[in-house]
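# Structural overview for review
What follows is the residue order along each chain.
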Amino acid sequence: MNTVLSRANSLFAFSLSVMAALTFGCFITTAFKDRRVPVDIHVSRVMLKNVDDFTGPRERSDLGFITFDLSADIKPIFDWNVKQLFLYLSAEYATKSNALNQVVLWDKIVLRGEGTKLNLRDMKSKYFFFDDGNGLRANKNITLTLSWNVVPNAGILPLVMGSGHMSVPFPESYETTKSY
């Protein structure tokens, strides 16, 4: 005859196995879903300044300012296995000193149940757009891309790029005004 502890252990192990199987079933039903949606990015203003860089050997570095419009319908990404999205707008460009530079300019967390239509107008960069030299001036191929991490209830954290990006040329001269 089995003791009460033995029966409780068997019941707990069986329940844990069933819950693991259900969690895997939840994961596998959404694991291969395409989570890309069309994204529309427009840049209305680009400004470039040359400022003192206090992190290095007292040289001046480029600081870019971008005002952008962003629109996307992210409702198709959400299903029953998505808890939240971490959206971020990044800039990629090449300079003489670095083959690939990536800078995050803006981000947002969208929880399930919140508004899923992004329609942002005249947004400014949330983070500084610094270059570690003078690689922004006259750079003709700075590509803005909206990407997101899907945070599921169960499963892996996929990194997805939106199906739309924009290339922005930066000016050849620096702004001398004090305000943005």
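The structure under discussion appears in the preceding block.
Below is a short write-up of the structure. (Residues numbered from 1 in each chain as written. Predicted model: local features only at pLDDT ≥ 70, side-chain atom pairs only at ≥ 80, totals over all residues. Heavy atoms only, no water.)

A word on the overall build of the protein chain. The secondary structure content of the protein chain amounts to one helix and eight strands. When the elements of the protein chain are put in sequence order from the N terminus, they spell out α-β-β-β-β-β-β-β-β. For the protein chain, the C-alpha radius of gyration of 23 Å lies well beyond 16 Å, the compact-globule estimate for 180 residues. Each principal axis of the C-alpha distribution contributes one length, and for the protein chain these read about 85 × 40 × 30 Å. Sorting the 180 residues of the protein chain into buried and exposed places 37% on the buried side. (Helix = DSSP H or I, 4+ residues; strand = E, 2+ residues; numbered from the N terminus. Rg over C-alpha atoms; globule rule 2.2 N^0.38 Å. Buried < 20%, exposed > 50% of the residue type's maximum accessible area, 1.4 Å probe, protein only.)

Quick look at the packing of aromatic side chains now. The tally for this structure, following the rule as stated, stands at six aromatic pairs. A ring pair is formed by Phe 68 and Trp 106, whose centres lie 6.3 Å apart and whose planes are at 75 degrees; its orientation type is edge-to-face. One end of the pair, Phe 68, is in strand E2 (residues 60–73); the other, Trp 106, is in strand E4 (residues 101–111), with 38 residues separating them in the sequence. Trp 106 gets classed as buried once you look at its relative accessible area, which sits at 5%. Judged by centre distance (5.8 Å) and plane angle (35 degrees), the ring pair of Phe 86 and Tyr 88 falls under tilted. (Phe/Tyr/Trp six-rings, centres within 6.5 Å; stacked < 30°, edge-to-face > 60°.)

Our next topic: the sheet that holds strand E3 (residues 82–93). If you trace the four strands from one edge of the open sheet to the other, you get E4-E3-E7-E8, paired in antiparallel fashion. The sheet terminates laterally at E4 and strand E8 (159–168), the two strands that pair on one side only. Adjacent strand axes in the sheet meet at a mean angle of 20 degrees, parallel and antiparallel pairs treated alike. Pairing of strand E7 (residues 142–152) with E8, which is carried by seven bridges, proceeds in the antiparallel orientation. Note on E8: the bridge partner recorded for Leu 144 is Met 166. (Pairing = 2+ DSSP bridges. Axes fitted to C-alpha atoms, helices over the stretch in contact; angles between N-to-C directions.)

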